[in-house]
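Examination of the molecular architecture
Read off the chains here:
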Amino acid sequence: MAYDISDRYLALAPRLDAELRHAHPRTVIEEAVATFGDRLALVSSFGAESAVLLHLVSKVKPDMPVLFLDTGMLFGQTLDYRRQLAAKLGLIDVRDLRPNYHDLATADPEAKLWQTDTDACCHVRKVLPLDRALADFDGWITGRKRFHGGARLSLPVVEEADHQVKFNPLANWGREDLDAYAAEYDLPAHPLVAQGFPSIGCWPCTKPVEDGQDVRAGRWAGEDKTECGIHVARAPGAVANVGGDI
């Protein structure tokens, strides 16, 4: 059944969350596809844990649009991994989203904004490009998981987000589940994982972590910041909807 963008999502998301709360991730993806069809996208960073969700999607709908934020500050290893993994999994509609030239010229002409205001840097390089891309969709999928901690501890499997429906198929899975799935299907790891990076973003704001540290401890280390902003509720009047930092 197809749905128009409207307040009915306020009821749709809780109903789907109740139905899918304990479902296998593939079942969640299948229900998302059945509900939204071609009006559904996956947002992926092609980061440390991305291969599992990308593989699941490839088995359900390999032509699903995959939105990848190429911020201009990613590790070279991430760009190589994006190309290799998409080819291996047969994903045929991976879309590279880049910052708008005018936005960069206005807000970050010297590419040094990350040194003084990481929130503003994330906004121009991640939030705005994803806002624009997600305007073409009614529902979308993220790779967030509860075991990452912080605000994600109470993450639902399905939620309403600014008049769209967001699916988090891996919300219930822990590290052991991800490792077991990756081993079962022989999924290649991001090359930086072996160098101590359990969560990977832009190179200026991502560091390796010590054993026993939180998975996301290397993201914006030393700052009171745990999210890039694309999962934060938008202020009134802002561009409608935001995407998923995987």
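Given the structure is predicted, the values throughout are model-derived calculations rather than measurements.

Description of the packing of helix α3 (residues 50–60) against helix α4 (residues 76–89)
Where α3 meets α4, the closest approach of the two axes is 10 Å, and the angle between their N-to-C directions is 30 degrees. The angle between the axes of α3 and α4 places the two elements in the roughly parallel class. In this structure, the crossing between α3 and α4 has a hand that is right-handed. Here A51, L54, H55 and S58 of α3 lie close against α4, whose contacting residues are Y81, L85 and L89. Here the residues of the contact of α3 with α4 sort into five nonpolar, two polar and no charged.

Overview of the sheet that holds strand β2 (residues 66–69)
If you walk across this open sheet you meet the six strands as β3-β2-β1-β4-β6-β5, and the pairing is mixed. One side of each edge strand has no neighbouring strand; the edge strands of this open sheet are β3 (94–97) and β5 (158–161). Adjacent strand axes in the sheet meet at a mean angle of 30 degrees when their direction is disregarded. Summarising the sheet, strand β1 (residues 40–43) and strand β4 (residues 139–141) pair through three bridges and their orientation is parallel. Paired with L42 across the bridge in β4 is I141.

Focus on the layout of surface pockets
In this structure, the largest pocket occupies an estimated 270 Å³ of space. Along the wall of the largest pocket there are 17 residues; nearest its centre are A48, R175, D179, A189 and V193. Ranked by residue count, the leading element in the lining of the largest pocket is helix α7 (residues 175–184), at four residues. Class assignment for the residues of the lining of the largest pocket results in 13 nonpolar, one polar and three charged.

Section: the packing of helix α2 (residues 25–36) against α3
Where α2 meets α3, the closest approach of the two axes is 10 Å, and the angle between their N-to-C directions is 50 degrees. Accordingly, the angle class assigned to the pair α2 and α3 is oblique. Both α2 and α3 take part in a crossing whose hand is right-handed. The segment α2 lies against α3, with P25, R26, I29, E30 and V33 engaging L53, L56, V57, K59 and V60. By residue class, the composition of the contact of α2 with α3 is seven nonpolar, no polar and three charged.

Regarding the environment of S45
Considering the arrangement of structural elements, one finds S45 in the loop between β1 and α3. Residue classification places S45 among the buried residues on the basis of a relative accessible area of 18%. Along the chain, S45 and G201 lie 156 residues apart, while their C-alpha atoms are 7.8 Å from each other.

Focus: the pattern of salt bridges
Pairing of side chains with opposite charge becomes possible as their charged atoms draw close. Overall, the coordinates contain 18 salt bridges when judged by the stated rule. For the salt bridge of D63 with K61, the shortest nitrogen-to-oxygen distance reads 3.0 Å. Judged by relative accessible area, which is 36%, D63 ranks as partly exposed. Classification of K61 by relative accessible area gives buried; the value is 11%. One salt bridge connects E159 with K166, and the closest N-O pair in it is separated by 4.0 Å. Neither residue differs from the other here; E159 and K166 are each classed as buried.

Focus: the packing of aromatic side chains
The full count for this structure, using the stated rule, is six aromatic pairs. Their ring planes at 75 degrees and their centres at 6.0 Å tell us that F36 and F167 sit as a pair that is edge-to-face. Here F36 is found in helix α2, whereas its partner F167 is found in strand β6 (residues 164–167), with 131 residues between them in sequence. Each member of the pair, F36 as well as F167, carries the same accessibility label: buried. Measuring from centroid to centroid gives 5.9 Å for W173 and Y181, while their planes differ by 55 degrees, and the two rings are tilted. Taken together, the aromatic side chains of W173, Y181 and Y185 make up a single cluster linked through ring pairs.

Cut-offs used in this document
- Residues numbered from 1 in each chain as written.
- Predicted model: local features only at pLDDT ≥ 70, side-chain atom pairs only at ≥ 80, totals over all residues.
- Heavy atoms only, no water.
- Axes fitted to C-alpha atoms, helices over the stretch in contact; angles between N-to-C directions.
- Helix = DSSP H or I, 4+ residues; strand = E, 2+ residues; numbered from the N terminus.
- Parallel < 35°, antiparallel > 145°, perpendicular 65-115°, else oblique.
- Left-handed = near helix turned anticlockwise from the far one by under 90°.
- Contact = heavy atoms within 4.5 Å.
- Nonpolar A, V, L, I, M, F, W, Y, C, P; charged D, E, K, R; others polar.
- Pairing = 2+ DSSP bridges.
- 1 Å grid on protein atoms, 1.4 Å probe; cavity = no way out; pocket = protein on both sides within 12 Å on 5 of 7 lines; lining within 4 Å.
- Points joined across faces, edges and corners; volume = space filled by probe spheres on them.
- Buried < 20%, exposed > 50% of the residue type's maximum accessible area, 1.4 Å probe, protein only.
- Salt bridge = Lys/Arg side-chain N within 4 Å of Asp/Glu carboxyl O.
- Phe/Tyr/Trp six-rings, centres within 6.5 Å; stacked < 30°, edge-to-face > 60°.

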